[in-house]
Amino acid sequence: MVFLKVRSRLSRLPLGRALIALGFVLVGINIASAIWDVRKAYELNERRALRNYSNMTRLLAEQTAASLDSVDLILRSLQTKPASELALLEGKIGDELSRIPYIAALMVLDAQGGLVLRFSGTPAFDPEVPEPPFHTVHRDGSTETLYLGEPYRVAPGGQWRVMLSRRLNDAKGEFGGVVAAAIDLEAFDRLYRAIDLGEGFITLLSNKGTLITRVPDPGNARGRKFPGGAIMSGVNREGRFAGWTTSPISEERVLLATTAVRAFPLLVASGSNEAAVLAPWRDEAWLVFDRTLLTSAAMIGLIALAAWGLARRERALARSWKRYQAMIEHSSDALILSRPTMGGILYASPAIERLLGFKTDELRGTEVMDLIHPEQREAAIKLRTELMQHPGKVSVDEARVRHKDGSYRWVELTRKNLLEEPSVRAVVFNFRDITERKQADVERTRLETRLRQAEKLEAVGRLAGGIAHDFNNILGGILGYAEMLAENAPAGSPLKRYADNVLTGANRASGLVSQILSYSRSQRGKRAPVDLGRIVAETLELVRGSLAANIRLETALPQEPVYVIGDATQLHQVTMNLCTNACHAMTAGGVLRVMLDVQSIEAERSFAHTTLHAGVYARLTVQDTGVGMEEATLARIFEPFFTTKEVGKGTGLGLALVYGIVTDSSGAIDVASTPGRGSAFSIYLPRVEAPAAVEEAAASPVARGRGERVLVVDDEEALVAVTSEVLKHFGYEPVGCSDGTAALAAFDNGHIDAVIADEVMPGISGTQLARALRQRRADLPIVLVSGYTGPILSERALAAGVTEILKKPVQSRDIASALARVLRKAA
């Protein structure tokens, strides 16, 4: 099986590409060989140079030792003579010195350092110096010590010399003086210069690192002591050193060989800097480079020519193949030829790429079953087994097949067994894309379900809105009479307390009506700075009372107020919805955590459903340890009508309403969930500074009327009556009407200073009445009262000429204040 797969892959490899690949391999081998040759040439060049320097250094060391042996021989001969005989040897010693030209002077000093004899040349030391250095060394040192002094110059600009001396003993074997020879270093310089070193150097040093002489002359380096480093370590250890190092004299990288001079405290070194040593190797490397470049270019040219010829043949075959495949390739259906369990897919038409995104080469050798959805694969394998047992059999079914991007497409799959057909010998698979048809069926079913639920909710919303409207009218009468009763009752009396309790209950009922209208989407919440911490705390009190016994509530709320812009009722609804969903997710019990903190966002963040801009936010987090959600559910949780609860237990509007309230408040939502571990909802709302303190309305007196005639219009006669009573109480003269027609007649029959009209009335609505009155009198103040408020009503009322809008139920103080404002504007 492995052999078949390898052979199949090799058979699909174009010859042109194979030839080009072979060409690159050959060029690579050629380049690698060149690199190997250059590397070996480098090593050979280094060994050759090091060998030459080592041989030269040994020869020079031996020559230096031989030259100094002659000097030392004279010194030893004088060392054995008594001091009284030295003067008699002056002539003989002079003859010896004439045969050794590099001895510039020979002298004898007594035990006190005085000059006893000087055979030739100038003094080897400053006569004013009471005791030369070599005299001190011999006096304090060993009898056999051979001392090599520091280089010195005879005179400014004169020749360089170095002293070589031995100790003289008297008859008792004690120190009797010194015999010393001044050696002219120019003789050594001439010897070193006679050797053709190119850019190399020869150096003579003392074993203490003092430079005696060097060719070429480095300048003011003679007599200076240089650190030995690796060179001295090698000489002290093995008597020589050879290799790369940094020259202490020229401070450049050099290749040198150093050898100790036999029997003398001297070292001879020779070598060259890195550029001079590697110059032959660089020349040879360039030759190798040129050779490699030419041979590689020739290889590439030959291979390109061969590849061009093969490409011509392949293009001719491709044209023939395209003519053969024309009908198949232009079909909207995709065609696959496969040998199941015997090599897999042999051929796939180009339509398969349009359908599934795979190229033919990507599918070749794979199995069709690998493309079938895992849920349908077992059934597909059974069909294939049955098909394989009956040559010529055809089967048709619908299946989901995998797209290259990981998604699945619906196809109508037709199979035909042609394994016994000699010209085919494969199973033919025909794929027809039916994804859009399937999606349309699913979408139609989903829309029908959504429509049915929307119709139900719309009916509920209309019912809730109607009930709220009628309830507002009832509350208007209760509030009006309760206020008048509270004002007229004596302070501290039971009647006063009863009236206040009625007002409190009526106000709570008014808040409940507002929530009903908000749920039915009849109005937008009132936007103002509110303390989110207080709202969350109040909501949690309600949640805590309804928690199941196996759910524990944990809270983390700040002590300081956290203000945001929003509607308190809507924010209460957001918190309640999130906590309710969290509890429903923990059917087996768990922990409900509610946290509130302040977050400073430095840069924009992108969540799955919203975007959080930079700024300071109040973050409300509701976290549970319930069942969690998978990715598919997370992607749809904020869709209207989407719910994971059982039928009849959820509308799918809870989180959609949360999403709408939060985004309407310029906030964002982040959701994190792990199946089996729980979910966490983080609500971000822009934080604002604490609102300025506002005086209670009761702190300022309500402006009273001065007998102005006010037209009161409402289809509820009880509201007309209570509103008229309130207006009389505040100094106005009310004129009551129960419909728009009667109101127009009353306006035409007498002077009217202002109008208070309900919006929802049979026949003529409040805005229609306002438009008609404005046509009669353009500056007439009109106050519109309605249980519904929102942008649509505000726009319609403004166009009709309404001066101000009040929301039902209306308290007496609100009516009086509104009338005072509109009359003041009209004055």
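Residues numbered from 1 in each chain as written. Predicted model: local features only at pLDDT ≥ 70, side-chain atom pairs only at ≥ 80, totals over all residues. Heavy atoms only, no water.

**Structural notes on the side chain of T539**
Going by this rule: Put simply, DSSP H or I for four residues or longer makes a helix, DSSP E for two residues or longer makes a strand, and each gets a number counted from the N terminus. Think of it in three bands: with a 1.4 Å probe and only protein chains considered, a residue is buried below 20% of the maximum accessible area for its type, exposed above 50%, and partly exposed in between.
Here T539 shows up in helix α14 (residues 532-546). The class of T539 is buried, set by a relative accessible area of 0%.

**Some details on the confidence of the model for the protein chain**
Applicable threshold: Confidence of the predictor in every single residue is expressed as pLDDT, which spans 0 to 100. The criterion used for residue contact is that any of the two residues' heavy atoms lie within 4.5 Å.
For the protein chain, per-residue confidence averages 81 on the pLDDT scale, and residues scoring 70 or more make up 86% of the total. Averaged over each element, pLDDT in the protein chain is lowest for helix α1 (residues 2-11) (58) and highest for strand β23 (residues 615-623) (94). Predicted confidence for residues 693-699 stays below pLDDT 50, and this span has two contacts to residues more than four positions away or in other chains.

**A look at the pairing of strand β5 (residues 160-169)**
Applied cut-off: Two strands make a pair as long as DSSP finds a minimum of two bridges between them.
Within β5, eight of the 10 residues are buried, which leaves the element mostly enclosed by the surrounding structure. Note that strand β3 (residues 147-148) and β5 share two bridges and pair antiparallel. Looking at β5, one finds that L148 is bridged to L164. Summarising the sheet, strand β4 (residues 152-153) and β5 pair through two bridges and their orientation is antiparallel.

**Regarding the pattern of salt bridges**
Rules: One speaks of a salt bridge when a side-chain nitrogen belonging to Lys or Arg is within 4 Å of a carboxyl oxygen belonging to Asp or Glu.
The final tally for this structure, using the stated rule, is 31 salt bridges. Notably, a salt bridge pairs K40 with E43, separated by 3.6 Å at the nearest N-O pair. Of this pair, K40 and E43 are both found in helix α2 (residues 15-79), three residues apart, which corresponds to roughly one turn of the helix. For K40, a relative accessible area of 38% gives the class partly exposed.

**Some words on unusual backbone geometry**
Following V215, the chain continues into P216 via a peptide bond in cis, with omega recorded as 0°. Within the secondary structure, P216 is located in the loop between β8 (211-215) and α7 (229-238). One non-glycine residue, E251, lies in the positive phi region at around 60°. Summarising the element assignment, E251 is placed in the loop between β9 (240-246) and β10 (253-260). Its identity is not glycine, yet S666 carries a phi of approximately 65°, on the positive side. Note on placement: S666 falls in the loop between α17 (654-664) and β24 (668-674). Residue classification places S666 among the exposed positions, given a relative accessible area of 53%.

**Comments concerning the environment of P133**
Relative to the helices and strands, P133 resides in helix α5 (residues 133-140). As a C-alpha pair, P133 and G149 span 16 residues in sequence and 7.8 Å in three-dimensional space.

**Comments concerning a positive patch on the surface**
Let me state the cut-off plainly: The patches described consist of residues with a relative accessible area above 30% and no salt bridge, like charges being joined within 9 Å and nonpolar side chains (Val, Leu, Ile, Met, Phe, Trp, Tyr) within 5 Å. Accessibility throughout is a Shrake-Rupley quantity obtained with a 1.4 Å probe, and a residue counts as covered only by protein chains that appear here. Asp and Glu are treated as the negative residues and Lys and Arg as the positive ones, with His and the ends of the chain left uncounted. Where a charge lies is defined by one atom per residue type: Lys uses NZ, Arg uses CZ, Asp uses CG and Glu uses CD.
A cluster of basic side chains, namely R312, R315, R319 and R323, defines a positive patch on the protein surface. Structurally, R312 is set in helix α8 (residues 274-329).

**Let's talk about empty space enclosed by the protein**
Selection criterion: A cavity here means a set of 1 Å grid points, computed over protein atoms only, where a 1.4 Å probe fits but cannot escape. A pocket is an open set with protein on both sides within 12 Å along at least 5 of 7 lines, and lining residues have an atom within 4 Å of a point. Grid points are joined across faces, edges and corners, and a volume is the space filled by probe spheres set on the points. Residues are grouped as follows: Ala, Val, Leu, Ile, Met, Phe, Trp, Tyr, Cys and Pro are nonpolar; Asp, Glu, Lys and Arg are charged; all remaining types, including Gly, are polar.
In total, this model carries three cavities of 30 Å³ or more according to the counting rule given. Of the volumes computed, that of the largest cavity is approximately 230 Å³. Around the largest cavity sit 23 residues that line it, and L719, T723, V785, V810 and I815 are the ones nearest its centre. Contributing elements (two or more residues each) for the lining of the largest cavity: α12 (435-488), β26 (709-713), α18 (717-729), β28 (754-758) and α22 (812-826). With five residues, the single largest contributor to the lining of the largest cavity is α18. The residue inventory of the lining of the largest cavity, partitioned by class, reads 13 nonpolar, six polar and four charged. If you go around the second largest cavity, you meet 17 residues; those closest to its centre are L205, I231, P248, I249 and A269. Listing elements by their share of the lining of the second largest cavity, those giving two or more residues are β7 (200-206), α7, β10 and β11 (266-273). The class makeup of the residues in the lining of the second largest cavity is 11 nonpolar, five polar and one charged.

**Some points on the side chain of S270**
Worth spelling out the cut-off: The definition of a polar contact used here is a pair of N or O atoms within 3.5 Å, where within protein one atom must be able to donate a hydrogen and the other to accept one, and adjacent residues in sequence count solely through side-chain atom pairs.
As for its position among the elements, S270 is in strand β11. At 2.7 Å, the side chain of S270 and the side chain of T57 are in polar contact. With near-sequence residues (within four places) excluded, S270 lies in contact with Y53, M56, T57, F201, I202, L255, L256 and A257.

**Brief notes about the sheet that holds β10**
Our working definition: Between N-to-C directions, angles cover 0 to 180 degrees, with each direction set by a line fitted to C-alpha atoms, over the stretch in contact for helices.
Across the sheet, five strands lie side by side as β8-β7-β11-β10-β9; this open sheet has antiparallel pairing. A single partner strand is all that each edge strand has here, and the edge strands are β8 and β9. Direction aside, neighbouring strands of the sheet carry axes that sit 20° apart on average. In terms of strand pairing, β10 meets β11 through seven bridges, oriented antiparallel. When the bridges of β11 are listed, A260 appears paired with L267. Where helix α6 (residues 186-193) meets the sheet, its contacts fall on β7, β8 and β11, and the angle it forms with β8 comes to roughly 35°. Its contacts with the sheet place α7 against β7, β9, β10 and β11, and it is angled at close to 165° to β9.

**Quick look at the packing of aromatic side chains**
The relation between two aromatic rings is expressed through the spacing of the ring centres and the mutual angle of the planes. How we decide: Two rings belonging to Phe, Tyr or Trp (six-membered ring only in the last case) form a pair when the distance between their centres is within 6.5 Å. Interplanar angles under 30 degrees mark stacking, angles over 60 mark edge-to-face geometry, and anything in between is tilted. We count a charge as sitting over a ring when the NZ of a lysine or the CZ of an arginine lies within 6 Å of the ring centre and within 35 degrees of the ring normal.
A full pass over the atoms with the stated rule returns five aromatic pairs. Taken together, the ring pairs in this structure connect F607, Y617 and Y684 into an aromatic cluster. For R214, the ring lying beneath its charged end belongs to F201, and the centroid distance is 4.6 Å. Sitting above the plane of the W410 ring, K438 keeps its charged end 4.6 Å from the centroid.

**Observations concerning the state of the cysteines**
By definition, a disulfide is the covalent link that joins the sulfur atoms of two cysteine residues. Our working rule: Disulfides are defined as cysteine sulfur pairs within 2.5 Å.
Tallying each qualifying case throughout the model produces zero disulfides. C583 carries a free sulfur, and the closest cysteine sulfur to it, the one in C579, is 6.7 Å from it.

**Concerning the pairing of strand β16 (residues 426-433)**
Where strand β12 (residues 334-339) meets β16, five bridges bridge the pair, whose relative direction is antiparallel. Each bridged residue has a counterpart across the sheet, and for S338 the counterpart in β16 is V427.

**Remarks on helix α11 (residues 374-388)**
To be explicit about the condition: To estimate the expected span of a helix, count its residues, drop one, and scale the result by 1.5 Å.
Along its 15 residues, α11 runs 21 Å from first to last C-alpha, staying within 8% of the 21 Å computed at 1.5 Å per residue. Q376, A380, R384 and L387 are the residues of α11 that are buried.

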